[in-house]
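Summary of the model geometry
Residue strings, one per chain:
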Amino acid sequence: AQSVTQLDSQVPVFEEAPVELRCNYSSSVSVYLFWYVQYPNQGLQLLLKYLSGSTLVKGINGFEAEFNKSQTSFHLRKPSVHISDTAEYFCAVRDRAGTALIFGKGTTLSVSS
Amino acid sequence: DTAVSQTPKYLVTQMGNDKSIKCEQNLGHDTMYWYKQDSKKFLKIMFSYNNKELIINETVPNRFSPKSPDKAHLNLHINSLELGDSAVYFCASSQMGTSGYNEQFFGPGTRLTVL
């Protein structure tokens, strides 16, 4: 069975500062990895995904994430955040034979000026 | 053009009532899901249907019954509502691919409040 741990429940940051949201996963099989964003009172939107190949994946809104197999991590980064990035961010994993996503508990990113 | 839509968006009801939430997708996908997001924003899979057949049925009280009349629709019926059922319920859909990868598209959610 897979599990996902998001190491920070809340990350406050000032506008234009860099940010890293940490995600570790555990699985005995190969997995796909995802980051989703949820803006207040909205559904989930896919930010980026790792399926295979290059370990550095780029997503929408200037976000990127790096897959590290040895550390079983998939941290999300952005070099300069905006107020509009304030949202809940979810890391998720899915094994290659499965269908359902297993989510972490989410990280609240709060960007202030 | 909404890809995955849910009705209603908000649902407030009394304990003991029976209610349904509807989901429709116009993406032509063959797999649909229900996820529950609790008050701490934790998301968990409840059910999944592929081509109208139930393929995932997590440990959910049998008061919850999904129904898929066709590939484009997945409804969730909840009997004898309890306070603990208060949550946001998300529908999602995806297309099974030969490679196994299938991006899931989520609906806007239905916020259920049980009083």
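An account of the accompanying structure is given in this report. Because the structure is predicted, anything quoted here is derived from the model rather than measured.

A word on the overall build of chain A
When helices and strands are counted, chain A shows zero helices and twelve strands. Starting at the N terminus and ending at the C terminus, chain A contains elements arranged as β-β-β-β-β-β-β-β-β-β-β-β. Taking 2.2 N^0.38 as the reference for a compact globule, 113 residues should give roughly 13 Å; the C-alpha atoms of chain A span a radius of gyration of 13 Å, in line with that estimate. Once the C-alpha set of chain A is aligned to its principal axes, its extents read approximately 45 × 30 × 20 Å. Buried positions account for 48% of the 113 residues belonging to chain A. Counting contacts in chain A only where the partners sit at least 6 residues apart, residues at least 24 apart contribute 56% of the total.

Looking at the packing of aromatic side chains
Under the definition given, this model contains twelve aromatic pairs over all chains. A ring pair is formed by Y35(B) and F106(B), whose centres lie 5.4 Å apart and whose planes are at 40°; its orientation type is tilted. Of this pair, Y35(B) sits in strand β4 (residues 31-37) while F106(B) sits in strand β10 (residues 105-106), placing them 71 residues apart in sequence. The buried category is assigned to Y35(B), whose relative accessible area is 0%. An aromatic cluster is built from F34(A), Y36(A), F90(A), F103(A), Y33(B), Y35(B) and F106(B), whose rings are joined through pairwise contacts. Here K105(A) stacks its cationic end above the ring of F42(B), 5.8 Å away from the centre of that ring.

Quick notes on unusual backbone geometry
With the exception of glycine, the majority of residues adopt a negative phi angle, and the majority of peptide bonds are in the trans configuration. All names here are of chain B. With an omega dihedral of -5°, the bond running from T7 to P8 counts as a cis peptide bond. Of note, P8 is situated in the loop between β1 (4-7) and β2 (10-13). A positive phi angle, near 70°, is found at K41, a position not held by glycine. Among the structural elements, K41 can be located in the loop between β4 and β5 (43-50).

Digging into the sheet that holds strand β3 (residues 19-25) of chain B
Residues and elements named next belong to chain B. If you walk across this open sheet you meet the four strands as β1-β3-β8-β7, and the pairing is antiparallel. At either margin of the open sheet sits one strand with a lone partner, and together these are β1 and β7 (64-70). Direction aside, neighbouring strands of the sheet carry axes that sit 20° apart on average. Where β7 and strand β8 (residues 73-78) come together, five bridges link them in antiparallel fashion. The residue of β8 that forms the bridge with K67 is N75.

Notes on the pairing of strand β9 (residues 73-78) of chain A
All names here are of chain A. Burial analysis of β9 places five of its six residues in the buried class, the great majority of the element. Across five bridges, strand β8 (residues 64-68) lies against β9 in antiparallel orientation. What sits directly across from A65, in β9, is L76. Between β8 and β9, which pair antiparallel and follow one another directly, the connecting turn spans four residues, one of which, T72, has a positive phi of 45°.

Topic: the side chain of T31(B)
All names here are of chain B. By the element assignment, T31 lies in strand β4. A polar contact is formed between the side chain of T31 and the side chain of D30, at a distance of 2.9 Å. Residues in contact with T31, not counting those within four places in the same chain, are S48, Y49, N50, I55, A92, S93, S94 and M96.

A word on the nonpolar core
Counting residues in hydrophobic clusters, the biggest one holds 28 residues, and the most contacted among them are L33(A), W35(A), L47(A), L48(A), F74(A), L76(A) and Y89(A). The contacts of L33(A), once residues within four sequence positions are left out, are Y25(A), L48(A), K49(A), Y50(A), F67(A), F74(A), A92(A) and V93(A).

Looking at the pattern of salt bridges
Scanning the model with the defined rule gives eight salt bridges over all chains in all. The salt bridge involving E66(A) is made with R77(A); its shortest N-O contact spans 3.5 Å. A residue pair is termed long-range when its members are at least 10 positions apart, and E66(A) in strand β8 and R77(A) in strand β9 qualify at eleven residues. The residue R63(B) makes a salt bridge to E82(B) at a minimum N-O spacing of 3.5 Å. You can see R63(B) sitting in the loop between β6 (53-57) and β7 and its partner E82(B) sitting in the loop between β8 and β9 (87-94), a full 19 residues away along the chain. Where salt bridges share partners, they join E20(A), E66(A) and R77(A) into one cluster.

Cut-offs applied
Position labels on residues start from 1 in each chain and follow its written sequence. All chains are assigned letters beginning with A, and all ligands numbers beginning with 1, in the order in which they are written. Residue-level local features of this predicted model are given only where pLDDT is at least 70; pairs of side-chain atoms are given and counted only at 80 or more, and the full residue set underlies all totals for whole chains, interfaces and linings. The basis for every side-chain value is the complete set of heavy atoms in the structure, and neither hydrogens nor water enter the calculation. Secondary structure is summarised from DSSP: a helix means a run of H or I of at least four residues, a strand means a run of E of at least two, and numbering begins at the N terminus for each. Just to be clear, the radius of gyration here is over C-alpha atoms, and the globule rule we use is 2.2 Å times residues to the power 0.38. Working definition: with a 1.4 Å probe on protein chains only, accessible area under 20% of the residue-type maximum means buried, over 50% means exposed, and in between means partly exposed. Residue contacts follow a heavy-atom distance rule, with two residues in contact if any of their heavy atoms lie within 4.5 Å. When the centres of two rings from Phe, Tyr and Trp lie within 6.5 Å, Trp using its six-membered ring, the rings pair. Their planes under 30 degrees apart give stacked, over 60 give edge-to-face, and anything left gives tilted. A ring has a charge above it when a Lys NZ or an Arg CZ is no more than 6 Å from the ring centre and no more than 35 degrees off the ring normal. Strand pairing requires that DSSP identify at least two bridges connecting the strands. Angles run from 0 to 180 degrees between N-to-C directions of axes, and those axes are lines fitted to C-alpha atoms, restricted for helices to the stretch in contact. Polar contact is defined as a pair of N or O atoms within 3.5 Å, subject to the rule that within protein one atom must be able to donate a hydrogen and the other to accept it, and that residues adjacent in sequence are counted only when both atoms are side-chain atoms. Residues enter a nonpolar core if they are buried and are Ala, Val, Leu, Ile, Met, Phe, Trp, Tyr or Cys, with the set joined through side-chain atoms within 4.5 Å. One side-chain nitrogen of Lys or Arg within 4 Å of one carboxyl oxygen of Asp or Glu is enough to make a salt bridge.

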